[in-house]
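Chains, contacts and geometry: an overview
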Amino acid sequence: MKNNICLVATYTEFAQLARELKQELDLPIDVLEGSLEEGTRQAVKAEKAGAKIIISRGGTASMIRRHVKIPVVEIRITGFDIFRNIYPVSGPGRVLGLLGYKNAVTGCRAAAQVLGISIHEIILADGVETDWEDVRSRVKYLMEEHGVNTFIGDTSVLTHLEFPTLDVRLITSGRESILPAVEDAMNLLRVQEEEQKATQRLQAILNFVHDGIMATDESGNITLLNPVAEKIFHVSQSQVLGKKINKVITETRIDEVLKSGQDEIGQLQKAPEGHILTNRIPINVNGVVKGVVATFQEVTRIQDAERTIRQSLYGKGLVTKYKFNDILTNDSRMKNLIEIARGYSLTGATVLIQGESGTGKELFSQSIHASSPRSQGPFVAVNCAALPSQLLESELFGYVEGAFTGAKKGGKIGLFELAHNGTIFLDEIGDMEKGLQARLLRVLEERMVMRLGSDALIPVNIRVIAATNIDLRKQMMAGNFRNDLFFRLNVLNLPLLSLRERPDDIPLLAEQFFKRFIREHNKNAMELPQEMKRLICEYSWPGNIRELKNIMERIVLTAIEGEIHLPTVRLMVEELQAGPKQQAGSGNDELIQGTFRDIKRKIIRRVLQEEDWNKSQTARRLGIDRMTVDRFAELESDD
């Protein structure tokens, strides 16, 4: 087929006229010839070849319509056709018989009345097979009883009436009949193409939209189901189209919406793999509900999308930088701890990492996440000692708009929600205020969070890794840490070694840090002085790896043109050998000079220096809260 429109001509002259018109007017049609059964075979063949519309006339058009699925445009018999064919048989003594389908017979009847011709009709039923034996019997009756000597009709007349004494004439079609049919077919083709485009656009939307979509008719039968809905409900279109909605989806309220005609927006509904958020919208036509369209969103998808948006807005990567291969060690116990941690990474259980400051607790927590099934999810780290308890609570749980004075418009997502499908690392968990400990316990037990100022629970799928540099058991005995929270956190335990407990790792790490800082600070190649190598192996490193890292960076930064500044190195050696300086006599007198506020500031400053500026350890050692240390540290910086 060259064209989408095929004209099936029922007789040779008709086919010739159609071809002439096609060439003359450049009509986008293919012309085939065949009457009744043969014409139908031609039409079926054209449909298989890609034709989208068939044009034919009379009984042939009627028969074709019963055998093809594409539209059939019928060539109407016009008044011109009828008068052109009836006029020659008009005259005295002529009795005319009309044989054909209703449209042809009706037109001929009107023309015969105008011409004063006596007529008798045999009307063929449209859409059913014709009993031609019965038709011939009726023709014979009209010939014998009413003197019919001429029969006129469509192609079926010529095909089935074989009486020697009967004048049989065909109603032929002229160009004024063919052209309107071709124009109707072309208009119908344009409508088809526009509908096809609209259908393809709609199908593309249905196929690629992230929401599940389902529609029903007024009886609750499913009429539409997109791929996402198939996935959500574990069904396929072929299984459910035409079935009652309540036979496919349990706990649906679509039947109720069909009855009430009222929207139901943002409703929570159970699905095979959890809860979904659904909207049910009635389809109203002139005030009558003709069906319902329902959309479905997986709650986890909504949370993932919200988290992605928040991450983009806040510019947080929430990804890990370290893996187990980044942990350098020659110590057999450390290697064993790494293997234990690898095993922990394969589970989803809560991990409690214990160790002194600077022993690599976050490095281990990142490595556990990076090796876990959650590695593609976010890694959210928060220092529980770095923020006042109220601010920490709002950061962890988030808040709704208007929850408190100064709350951001639109509210804020909490870190627990941000960590959905990933890991949250709670560092220095021992410094968390007891009221906040209770809320954390609820999250661990229920995997649900509630934003400040809200009464709605939000499910979260998170893994918790906690870390502390203090003895939580002692904190429990002192009443500073909840027993139930400790046992909930201490499912898997990972006790890290201090640097002084792994002496073989000291030169290894020192050399690694030294080379790294040379690269980072674009220094010339140089060697670590032997005197410094000896000293670092003798030092106890109370600040652990963090302190060793700082010393190596200081050595690199003080180097001039690739040469280590030996006086600076000697000073560092003396500082390491001497440890934190404590002056006696006049020094102590100086400490207690000034106002009480001055004395407090001096004491806090000294302990901060001795604790390598670790504010949490300073607060615990002095028996004061972290905010007091922060406040006096700020005063010191202002001075």
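Below, the structure is looked at part by part. (Residues numbered from 1 in each chain as written. Predicted model: local features only at pLDDT ≥ 70, side-chain atom pairs only at ≥ 80, totals over all residues. Heavy atoms only, no water.)

1. Points about the sheet that holds strand E22 (residues 492-495)
Pairing is parallel across the open sheet formed by five strands, whose spatial order is E15-E18-E21-E14-E22. Every other strand in the sheet has two partners, leaving strand E15 (379-383) and E22 as the edge strands with one partner each. Taking each pair of neighbouring strands and ignoring which way they run, the sheet shows an average axis angle of 15°. Note that E15 and strand E18 (residues 422-427) share five bridges and pair parallel. Bridge pairing in E18 links phenylalanine 379 to threonine 423. Those strands touched by helix H15 (residues 361-370) are strand E14 (351-354), E15, E18, strand E21 (462-468) and E22, and its axis lies near 170° from that of E18. (Pairing = 2+ DSSP bridges. Helix = DSSP H or I, 4+ residues; strand = E, 2+ residues; numbered from the N terminus. Axes fitted to C-alpha atoms, helices over the stretch in contact; angles between N-to-C directions. Contact = heavy atoms within 4.5 Å.)

2. Observations concerning unusual backbone geometry
Positive phi outside glycine occurs at asparagine 286, with the angle close to 55°. According to the relative accessible area criterion, asparagine 286 is exposed, its value standing at 78%. Within the chain, asparagine 544 stands out as a residue other than glycine whose phi angle is a positive 60°. Mapped onto the elements of the fold, asparagine 544 is located in helix H23 (residues 544-558). Taking the relative accessible area as the measure of exposure, asparagine 544 reaches 0% and is therefore buried. (Buried < 20%, exposed > 50% of the residue type's maximum accessible area, 1.4 Å probe, protein only.)

3. A look at the pairing of E14
Regular strands place their side chains on alternate faces of the sheet. With four bridges connecting them, E14 and E21 associate as parallel partners. Among the inter-strand pairings, leucine 352 is bridged to a residue of E21, identified as alanine 466. Both E14 and E22 contribute to a ladder of four bridges, which runs parallel. Looking across to E22, one finds that leucine 352 is bridged to asparagine 493.

4. Topic: the nonpolar core
Soluble, globular proteins show a tendency: their nonpolar side chains are buried together. Of all hydrophobic cores here, the largest spans 35 residues; its most connected members are Leu396, Phe416, Ile424, Leu426 and Ile429. For this core, the secondary-structure elements that each account for two or more residues are E15, helix H16 (389-397), helix H17 (415-418), E18, helix H18 (434-446), E21, helix H19 (472-477) and helix H20 (483-489). Residue contributions to this core peak at five residues, all from H18. In contact with isoleucine 424, other than residues within four places in its own chain, are Val380, Leu396, Leu415, Phe416, Ala419, Ile462, Arg463, Val464 and Ile465. (Core = buried A, V, L, I, M, F, W, Y, C linked by side-chain atoms within 4.5 Å.)

5. Some thoughts on the side chain of glutamine 366
Here glutamine 366 lies in helix H15. The class of glutamine 366 is buried, set by a relative accessible area of 6%. Separated by 2.7 Å, the side chain of glutamine 366 and the backbone nitrogen of lysine 321 make a polar contact. Polar contacts involving the side chain of glutamine 366 include one to the main-chain amide nitrogen of tyrosine 322, which spans 3.2 Å. (Polar contact = N/O pair within 3.5 Å; in protein donor to acceptor, adjacent residues only side chain to side chain.)

6. Regarding the side chain of arginine 57
Mapped onto the elements, arginine 57 comes out in the loop between strand E3 (53-56) and helix H3 (58-65). Residue class for arginine 57 comes out buried when judged on its relative accessible area of 1%. Separated by 2.7 Å, the side chains of arginine 57 and serine 173 make a polar contact.

7. A closer look at the pattern of salt bridges
Enumeration over the complete set of coordinates arrives at 20 salt bridges. Close ionic contact of arginine 253 with glutamate 264 constitutes a salt bridge, the shortest N to O distance being 2.6 Å. Of the two residues, arginine 253 sits in the loop between helix H11 (245-248) and helix H12 (254-260) while glutamate 264 sits in strand E11 (residues 264-271), which places them eleven residues apart along the sequence. Glutamate 264 gets classed as buried once you look at its relative accessible area, which sits at 12%. (Salt bridge = Lys/Arg side-chain N within 4 Å of Asp/Glu carboxyl O.)

Structural measurements only, silent on function.
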